[in-house]
Amino acid sequence: MAYRAGMSVAPHGLHHVTAIASDPQRNVDFYTAVLGLRLVKTTVNFDNPSTYHLYYGDEAGRPSTLLTFFPWPSVPPGRQGTGLTTATAFGVPPTSLGWWQRRLTDRGIDVDPPRDRDAGDAAEEVLTFRDPDGLVIDLVAASGDARSGWDGHAGVPGEHAVRGLHAVALTERLLEPTAGLLTGLLGMDLSGESGTGARFTTAGDTPAGTVDVVADPARNRGLQAGGTVHHVAFRAPDGETQARWRTELVEAGLAVTEILDRRYFTSIYFREPGGVLFEIATDQPGFAVDEPLLELGRTLKLPPWLEPDRETIEAALPPLCRP
Ligand code: ZN
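This structure is a prediction, so every number in the text was calculated from the model and none was measured. The written sequence of each chain sets the order in which its residues are numbered from 1. Only residues with pLDDT of 70 or above have their local features reported here, since the model is predicted, and side-chain atom pairs are shown and tallied only from 80 upward, although totals for entire chains, interfaces and linings are computed over all residues. Here the side-chain values reflect all heavy atoms present in the structure, with hydrogen atoms and water set aside.

Trainee: Can you help me understand the coordination of the zinc ion in this one?
Mentor: Ideal values for angles at a metal depend on the geometry: 109.5 degrees with four tetrahedral donors, 90 or 180 degrees with six octahedral donors. Coordination shells were defined by N, O and S atoms within 2.8 Å of each metal, extended to 3.2 Å for Na, K and Ca; water is absent from the atom set, which can make sites look incomplete. Here the zinc ion is held by His16 (NE2), His231 (NE2) and Glu279 (OE), and the distances to it run 1.9 to 2.0 Å. All donors of the zinc ion belong to a single chain; written as a sequence motif, their spacing is H-x214-H-x47-E. Placement of the pair is His16 in strand S1 (residues 14-21) and Glu279 in strand S16 (residues 277-282), with a sequence separation of 263 residues. Assessed through its relative accessible area of 2%, His16 is described here as buried. Strands here are runs of E lasting at least two residues and helices are runs of H or I lasting at least four, both read from the DSSP assignment and numbered beginning at the N terminus. Exposure is judged per residue with a 1.4 Å probe applied to protein chains only, and the accessible area is read against the type maximum: over 50% gives exposed, under 20% gives buried, and values in between give partly exposed.

Quick look at the structure:
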């Protein structure tokens, strides 16, 4: 399917990535105490309130810094393959990869030494490892990233702190249909091609403005379960932009959900042609809408429509020690 070019919405990069974990406590411990992210919201999956929804990010949980999880304690491991987001990259300062390699190794995490990889028009240095559920995480040496990350916590000094999301990699059976969507309707530019894939970026120095597409027609379809990404969300600065974007996606023939209230943003969802679930989420109102900045993540927050069921919901959730 070819999409017409000329969308009217300027892209703003990634908003968040949401993945599937098993044990919620192990997930909290890894992302806060090892990677040094802040747990910025403890809530439930609004579509399935018997499951936590845990959000990690910078101090305020700013869009572009967020990795979130649905932890399902009994979920089986997933399988990487086509139709999935197969790597999630965070940016760290360019001189920090050696520090991170030592930190991860000291904590028993199997990590490859930093390596150079083709990144469109240049090379980039990357450290790859897996989280406790097998989710593939890249730390990329990213120069010129103005974000500060979450400073000085869990023994991660500010100079090395994770700055936020940098990129995602999608593995697809075919390159062209997904490329057409990214350039035609999401407003991204093709910034480099290799033998098996292509890199797409948003113009300017937008943080988290990169999507890599790896085409692998011979590979099996991925299985979305533990340790795999559930969906990738792109930023819309406000609701008006989101509504306009939705109209353009619908007019292009995509099946897009209604605008859903996610409490900390509003969202629309649709599947890109290769099968990956995409979301467009607003920057506002953000995570301080229901608790003060200093207390983010410490207690279970529920949206107003689930608050009447708090007792039942809390009783069904596994206990969770938070930092
Ligand atoms: Zn989402």
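Trainee: What is the right way to read the environment of Pro76 from this model?
Mentor: Mapped onto the elements, Pro76 comes out in the loop between strand S4 (66-71) and strand S5 (84-92). With 194 residues separating them in the primary sequence, Pro76 and Phe270 have C-alpha atoms 25 Å apart. Note on definitions: a residue-residue contact is assigned when non-hydrogen atoms from the two residues lie within 4.5 Å. Filtering out sequence-adjacent residues up to four positions away, Pro76 remains in contact with Ala225 and Gly226.

Trainee: Looking at this structure, how should I read helix H2 (residues 97-106)?
Mentor: Spacing of three or four residues puts side chains on the same side of an α-helix, whose turn is 3.6 residues. Among the residues of H2, Leu97, Trp99, Trp100, Arg103 and Leu104 are the ones counted as buried. Buried residues in H2, looked at end-on, bunch into an arc of 155 degrees, giving them a common side. Exposed and oriented more than 90 degrees from the buried face of H2 are Arg102 and Asp106. The elements touched by buried residues of H2 are helix H1 (24-34), S5, strand S7 (122-130) and strand S8 (136-141). Once H2 finishes, Gly108 follows within two positions and takes phi at roughly 80 degrees, a positive value. The reported arc concerns the directions from the helix axis to the C-beta atoms and nothing else.

Any link to function would need more than the numbers given here.
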